[in-house]
Amino acid sequence: MNLMKANPKLVTTLLSLFTLLFLAGCDNIKQESVFTEGLIYCSEGAPTTFNPQLVTSGTTIDATSKQLYNRLLDFDNDDFSKIPALAKSWHVTTDGKIITFYLRKDVPFHQTDYFTPTRYMNADDVLFSFNRILDENHPFHASAGGKFPFFKGVNFAQVVNRLEKVDEHTIRFVLNYPDSAFLANLAAPFSVILSAEYGQQILDYNDSNRLNELDNSPIGTGPFKFKEFRNHAVLRFTKHDDYWRQEVEIEQLIFNISPSNTGRLTKLLTHECDVISYPIAPEIIINREDLILEEVTSFNVAFLAFNTQRAPFDNFLVRKAIAHAINREAIISAVYFDQAEIADSLLPQASWGFTDSIPRLPFDIERAKALLNDAGLSEGFSFDLWAMPVQRAYNPNALKMAKLIKADLAQVGIEVNIITYEWSTFLRRLARSEHQSVLIGWSADHPDPDNFFSPLLSCNSIETGRNRAFWCHPEFDDLLSSALLTTDTDKRRDLYIEAQHILAKNIPLFPIAHSKRSQAKQAQISGSILTPFGGISFEDVKKEAVKQ
Amino acid sequence: MLYFTLRRLYLLSFTLLMLSIVSFSLSYLFPGDIIVNLSGITNPTLEQRIELNALYKMDDSVFHQYFAYIKQVVNGNLGISMFNNAPIVDEMNTYLPATIELCVTALFIATIFGVTLGFIAAIFHNKWIDKIILAFAMIGYSIPAFWLALILIVIFSILLSWFPSSGQINLLFDVKEVTSFIFIDIWFSDIDDKWLAFQDALRHIFLPAITVAVTPMTIFIRLSRTSMLNVLDSNYIKAARAKGLSNVKIIYHHGIRNALVQIIRQMGMHFAHLVSVVMIAEVVFDWQGIGSWLINSIFQRDYTAIQGGLIAMATFTFLINIFADILYVTLNPIERYKRHGA
Amino acid sequence: MARDNIYLEEEFPTPIKQLWLTFSRTPVVMLAFICYLFLFVMAIIGQFITPHDALEIGDKLLFPPAWSDEGDVEHLLGTDSLGRDMLSRLLHGASLTFGLSFVIVIISMFIGIIIGSFSAITRGVKSSVSTHFLDVILSIPSLLLAIIVIAILGPGLDNILWAIILVTIPQFVHVTRDAIKEEQRKGYVLIPILDGASELRVLITSIYPNIIDKIIIQMTLSQSAAILDIAALGFLGLGAPIPMPEWGAMLADSLDLFYIAPWTTYLPGLTILFTVVVTNLVGEGLRHSLKLQKAN
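Right, let's walk through the structure included here. Keep in mind it's a predicted model, so treat the numbers as computed, not measured. (Residues numbered from 1 in each chain as written. Chains lettered and ligands numbered in written order. Predicted model: local features only at pLDDT ≥ 70, side-chain atom pairs only at ≥ 80, totals over all residues. Heavy atoms only, no water.)

## Focus on the overall build of chain B
The helix and strand inventory of chain B stands at 14 helices and 0 strands. In chain B, the succession of α and β elements from N to C terminus is α-α-α-α-α-α-α-α-α-α-α-α-α-α. By principal-axis analysis of the C-alpha atoms, chain B measures approximately 85 × 55 × 40 Å. Long-range contacts, defined as pairs at least 24 residues apart, comprise 71% of the intrachain contacts of chain B with a sequence gap of at least 6. Of the roughly 15,000 Å² of accessible surface on chain B, a fraction of 66% belongs to carbon and sulfur atoms. A distance of 22 Å separates the average location of the 22 positive side-chain charges in chain B from that of its 22 negative side-chain charges. (Helix = DSSP H or I, 4+ residues; strand = E, 2+ residues; numbered from the N terminus. Contact = heavy atoms within 4.5 Å. Areas by Shrake-Rupley, 256 points an atom, 1.4 Å probe, with all protein chains shown as cover. Lys, Arg positive; Asp, Glu negative; His and termini not counted. Charge placed at Lys NZ, Arg CZ, Asp CG, Glu CD.)

## Concerning the interface of chain C and chain B
Each partner contributes residues to the interface: chain C has 39 residues there, and chain B has 41 residues. Here chain C packs against chain B, burying approximately 3,600 Å² in sum over the two surfaces, 82% of which is carbon and sulfur. When the area that chain C buries against chain B is broken down by residue, the three leading residues are His132(C), Leu144(C) and Ile152(C), summing to 15%. Across the contact surface, chain C and chain B share 1 salt bridge. Residue Glu284(C) pairs with Arg222(B) through a salt bridge whose shortest N-O separation is 3.3 Å. Connecting chain C to chain B are 5 residue pairs in polar contact (both at pLDDT 80 or more). Broken down by secondary-structure element, the contributors of at least two residues to the side of chain C that touches chain B are α4 (125-139), α5 (142-153), α8 (199-235) and α10 (263-295) of chain C. Looking at the side of chain C that touches chain B, the element that brings in the most residues is α10(C), giving 12 residues. Of the residues that constitute the side of chain C that touches chain B, the class distribution is 29 nonpolar, 7 polar and 3 charged. (Buried area = accessible area lost by both parts, 1.4 Å probe. Salt bridge = Lys/Arg side-chain N within 4 Å of Asp/Glu carboxyl O. Polar contact = N/O pair within 3.5 Å; in protein donor to acceptor, adjacent residues only side chain to side chain. Nonpolar A, V, L, I, M, F, W, Y, C, P; charged D, E, K, R; others polar.)

## Description of the side chain of Glu294(A)
Residues and elements named next belong to chain A. With respect to the helices and strands, the residue Glu-294 is situated in strand β12 (residues 291-296). Polar side-chain contacts of Glu-294 include one of 3.0 Å to the side chain of Lys-521. Residues in contact with Glu-294, not counting those within four places in the same chain, are Arg-517, Ser-518, Gln-519, Lys-521 and Leu-530.

## What to know about the packing of aromatic side chains
Applying the stated criterion across every chain, the model contains 48 aromatic pairs over all chains. Measuring from ring centre to ring centre gives 5.6 Å for Phe101(A) and Phe173(A), while their planes differ by 80 degrees; the resulting arrangement is edge-to-face. In this pair, Phe101(A) is assigned in strand β5 (residues 98-103) and Phe173(A) in strand β7 (residues 170-175), connecting sequence segments 72 residues apart. The residues Phe101(A) and Phe173(A) share a single accessibility class, namely buried. Note on Phe63(B) and Phe67(B): the rings are 5.1 Å apart at their centroids and 75 degrees apart in plane angle, and the pair reads as edge-to-face. Taken as a pair, Phe63(B) and Phe67(B) lie in helix α4 (residues 62-74) at a separation of 4 residues, close to a single helical turn. Residue class for Phe63(B) comes out exposed when judged on its relative accessible area of 56%. A cation over an aromatic ring shows up here: Arg210(A) above the ring of Tyr205(A), its NZ or CZ 3.8 Å from the ring centre. (Phe/Tyr/Trp six-rings, centres within 6.5 Å; stacked < 30°, edge-to-face > 60°. Buried < 20%, exposed > 50% of the residue type's maximum accessible area, 1.4 Å probe, protein only. Lys NZ or Arg CZ within 6 Å of the ring centre and 35° of its normal.)

## Considerations on the sheet that holds strand β13 (residues 300-306) of chain A
Residues and elements named next belong to chain A. Taken in spatial order, the 6 strands of this open sheet run β14-β18-β13-β17-β15-β16, and their pairing is mixed. The strands lining the two open edges of the sheet, one partner per strand, are β14 (340-342) and β16 (415-419). Across the sheet, the axes of successive neighbouring strands diverge by a mean angle of 25 degrees, strand direction being ignored. In this structure, β13 lies alongside strand β18 (residues 509-515), joined through 4 bridges in antiparallel fashion. (Pairing = 2+ DSSP bridges. Axes fitted to C-alpha atoms, helices over the stretch in contact; angles between N-to-C directions.)

## Some points on the packing of helix α2 (residues 27-45) of chain C against α10(C)
Residues and elements named next belong to chain C. Where α2 meets α10, the axes come as close as 8 Å, and the angle between the chain directions of the two elements is 130 degrees. Taken together, α2 and α10 sit at an angle that is classed as oblique. Helix-helix and strand crossings are classified by hand; for α2 and α10 the assignment is left-handed. Facing Val-28, Val-29, Ala-32, Phe-33, Cys-35, Tyr-36 and Leu-39 of α2, the residues of α10 in contact are Phe-274, Thr-275, Val-278, Thr-279, Leu-281, Val-282 and Gly-285. (Parallel < 35°, antiparallel > 145°, perpendicular 65-115°, else oblique. Left-handed = near helix turned anticlockwise from the far one by under 90°.)

## Considering the nonpolar core
The nonpolar side chains of soluble globular proteins are, as a tendency, buried together. Formed by 194 residues in total, the largest nonpolar core has its most connected members in Leu265(A), Phe146(B), Phe173(B), Val284(B) and Leu233(C). The biggest single contributor to this core is helix α9 (residues 194-233) of chain B, with 19 residues. Every residue in contact with Phe173(B), bar those within four places of it in the chain, is listed here: Val34(A), Phe35(A), Arg236(A), Ile191(B), Asp193(B), Leu196(B), Ala197(B) and Asp200(B). Counting 82 residues, the second largest nonpolar core, distinct from the first, contains Ala398(A), Phe476(A), Leu484(A) and Ala513(A). (Core = buried A, V, L, I, M, F, W, Y, C linked by side-chain atoms within 4.5 Å.)

## Some words on the side chain of Glu282(B)
Tracing the backbone shows Glu282(B) in helix α11 (residues 247-284). As a buried residue without a salt bridge, Glu282(B) has its nearest oppositely charged side chain in Lys267(A), at a separation of 15 Å. Here the side chain of Glu282(B) touches Ile290(B) through a polar contact of 3.4 Å, landing on its backbone nitrogen. When sequence neighbours within four positions are dropped, the list of residues in contact with Glu282(B) reads Thr99(B), Leu102(B), Trp287(B), Gly289(B), Ile290(B), Gly291(B) and Ser292(B).

## Describing the environment of Gln168(B)
All names here are of chain B. Locating Gln-168 in the fold gives a position in the loop between α7 (145-159) and α8 (182-188). Using a relative accessible area of 12% as the deciding quantity, one classes Gln-168 as buried. Sequence-wise, Gln-168 and Gln-288 are 120 residues apart; in three dimensions their C-alpha atoms are separated by 7.7 Å. If we ignore the near neighbours within four places in the chain, the residues touching Gln-168 are Ala-98, Ala-201, His-204, Trp-287 and Gln-288.

## Focus on the state of the cysteines
Residues and elements named next belong to chain A. Under the counting rule described, the total for this entry stands at 2 disulfides over all chains. At a sulfur-sulfur separation of 1.8 Å, the disulfide partner of Cys-42 is Cys-273. Here the S-S torsion is close to -80 degrees, and the disulfide linking Cys-42 with Cys-273 is therefore left-handed. Residue Cys-42 is located in strand β1 (residues 38-43), and its partner Cys-273 is located in the loop between α11 (261-269) and β11 (275-277); the two are separated by 231 residues in the primary sequence. For the residue pair Cys-42 and Cys-273, the accessibility class agrees, reading buried in each case. Linked covalently through their sulfurs, Cys-459 and Cys-472 form a disulfide whose S-S length is 1.9 Å. (Disulfide = S-S within 2.5 Å.)

## Looking at the pattern of salt bridges
This structure, assessed with the given rule, holds 42 salt bridges over all chains. Measuring nitrogen to oxygen at the nearest pair gives 3.3 Å for the salt bridge that ties Glu463(A) to Lys152(A). Of this pair, Glu463(A) sits in helix α19 (residues 460-464) while Lys152(A) is found in helix α6 (residues 149-153), placing the two residues 311 residues apart along the sequence. On the accessibility criterion, Lys152(A) (35% relative accessible area) is partly exposed. Between Glu539(A) and Arg245(A) there is a salt bridge, and its shortest N-O distance comes to 2.8 Å. Note that Glu539(A) is positioned in the loop between β20 (525-526) and β21 (542-543) and Arg245(A) in the loop between β9 (234-239) and β10 (252-257), a separation of 294 residues in sequence. Since its relative accessible area comes to 9%, Glu539(A) is described here as buried. A relative accessible area of 32% means that Arg245(A) is categorised as partly exposed. What emerges from the salt-bridge pattern is a single network uniting Lys227(A), Glu228(A), Arg230(A), Arg236(A), Asp174(B) and Glu177(B).

## Here we look at the sheet that holds β12(A)
Residues and elements named next belong to chain A. Spatial strand order, β8-β9-β10-β1-β11-β19-β12: 7 strands in an open sheet with mixed pairing. Because the sheet does not close on itself, it has two edges, and the strands there are β8 (224-230) and β12. Here the strands of the sheet are splayed against their neighbours by 20 degrees on average, with no regard to which way each runs. Pairing of β8 with β9, which is carried by 6 bridges, proceeds in the antiparallel orientation.

Right, here's the structure in full:
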């Protein structure tokens, strides 16, 4: 009872304390160093692993490839040419079958709680990184389930005969046959260099359950090192002090996983995020002085993939009917807010393999009905349309697109069931071919046109699960292979144009749009984050104190 | 008093029994394999399957299976999450504290403002100020929590920039997770600007706490108003007044205490409702609590997590209920003997 | 005027009529009641009188409401990002959010009264178990219970119907049981019992007519809770399937448009608020009149 008598006083004290704290909180605490030395990036999804070798998902690439790792070579952001990275130079023999890389000698690996490197990067690390993919007996080959989807998609194991260590800082790739996209593939965000020493440390644990630490507790040479990944919501990196390329300005880099589009924009407006991916409502951002909207030409395409191994989409007529029944103009205005163009082929106009000779499939309800009639489905039918749950550069809102398609197809008597899962589940189930059709797309890893075909529609990519159409066409595959065998660009272009015509005749995928990738940031953040290929990079980003 | 406490404890054990039966039967009700639903191992190998069958006594009768399940639960094994393979108990240890923190703060705010507004309304009974407060209470009681949360974000985060719209603390503060109670973690962390971090966390909890607080606050307003009206109307207060006791003293000594006793009683009764609102607020404010975790689990079809979440949240609600009950009778001895044979 | 009726037998209004007489005296409450009736009518005929088809995708995307400069009279409350007319969607939604809540309350009431009566007339262990079981269900947060039902049955409108019915039944059981027990203590119930009437008969002829007012009040309370639950589940994406204009789902759907088309978020929110306030006001009015009646 005494307690209760004291209570009113207690309450008053607490109340005043609360008010005091609250008022104190209104000071300009944003000036403190803790706020200016770190950067918060609000991303649309969580990475599924910390090793880009194992994935194709853009979200994972964004979070890992250019933050934690480096590649042997990189792409220039402006003219898309290949520039040196971990390899300071390279040499290709005239027959195109032997490529020698001369490595930098001054590249340290990350030092973290779980690993302390004793040497700089050398040829052993390159050997380790690629042998893991090529050598089926490599201990870390199985730890990833033997799945390296990008490398599988580009026939890496067939192309590469062997890797040779010439000396400590020289490495040689010996190819079975010339591959004109090979260097581009090595510059792609998946071809990262891991630490052989760290791999050895994990092997020394002698515990097969710990082998996946190589991918889950990453060590690389990149500008940032891994600190923690909490609750699938916060990913924390710290600066790599001895980064070889330049001094990194940011002490702490934080990825805040914010799948809600409005939530991300809100956090940008309230300055809770410094940079956000895929902003909605660009006009709001443009009108604010404290924010900057950035766009970059991105090599991508959004498409509707039909699972050609399952009814009814094993029937070409049904695929064509659906292609005619979808109003892509409406999609461009409602989903992309006119920030995209209709895709007639997989290749965007900026690619050198582009052709305007592919006829457009017009929106034509009558034709669609006639085609359905020919296919014996004039009564209509229903099918599952999977819509990816995340926002991508190529498709800012797959669910909305699915709704529009549902309404379009209802006019020809087709009922669409829209299905969606959490992103990682979604990808897993797609790879298992559980879908009938899916709205998804592709962002190129490098500027070579091959990257739009081999990973997406080659017979090989069925195994990696990236061939969303589960479509295998021998003639098409032959064209792709011969295009890779030659280095003559004109000849290659002809082959890719022919391949595009085959696609237009078969429609395993119905291309919908090519769009730009955008992001928004606070005005005091400088440096280029967006790159045309292979995800984002915070390497040369600076943050200034807020001007008062 | 002992008798009363024992009765409550008996009730608690009965409740837990019911709850465990419900949660156990969920493994049967959820789609998919029973053993998968119990353990959370999505694609068990043959050996794992045999091991699990033995562990959960799948070959015995349902009765035995139930006891095998209870044994696992008591030993802290709720299976692993089907989504990220983390043990459910660990997951709850990370998420439950954040929810408790939010609930406690919200109840604190609700009590302070609820009692104050209720008293003001009672003192100005039937004046315009009373009517405004009552209208506010009616709207507050009717407003959908998710919508209120959005409105608060628009006003306080976007337009005024007073409070952040999401999370528990600015992520640039590298606070190590020890207890998962953010304020305690800040206290024990080794960061330089503890005071700054503390203020920041306080600013972060404000909007979600207000959202959660509004519904109980409106109930408390009515309760304290009624109880204050009764107090003001009672003979002993009239006598006290006649003796020259000031209004302030009357409110201080009699009003607050009577109102708080009523509030404690109602707090238990309305706690289940409060938890519903907390779940929504957590989703909107990106609060890493058990509510948003649970709702996420639905989308992942993570059945072990749903089961674990049910046990955690329902037990939490019961404990608060019983705690409020016991506190109530401690403060109000008459009630101890009244409530037999309900 | 001469009285036709020579017998001056005073008419005793039934409890429900008494309630109405007190109830209709407060203007605010009457206004709310009229709004309530309006909502009720809309729930039935709303989807047939919409100016446009609520599900039809139009080509006028994101038109603001008519009072804004860029607005269009054809779309009084504007359109959403798929060009659907907001007014039509809100009207259609009345049958989903409000209508569904009404159905839920009616079904739960019947089941609740049956279980409640049973629980009130049984004694001993059976009664104790049912009481405790009820306490368990009542103390599980309603949203949590609904989520679990949805996890079992899968999302969808008919499944949330059952989920919320399950959440609502215990409230009616509770009220019915308490009310019956209270009546049983009163003297008048003794008379038919002494006359040899069965317990069930007493229940139907003597007790039910006297507790109906309490049940009606519980109905309004349960309904406002049910509306909030339906909307909350819709908001979380667990309720009405995608094109359905359920208000909570509409709001969640339009979140991405919040910054470019705020009306698509404000309007469904305001509609839910209005509906719940109206329902609560009616309930509050009923409760208040009941209190006045008791006082007399």
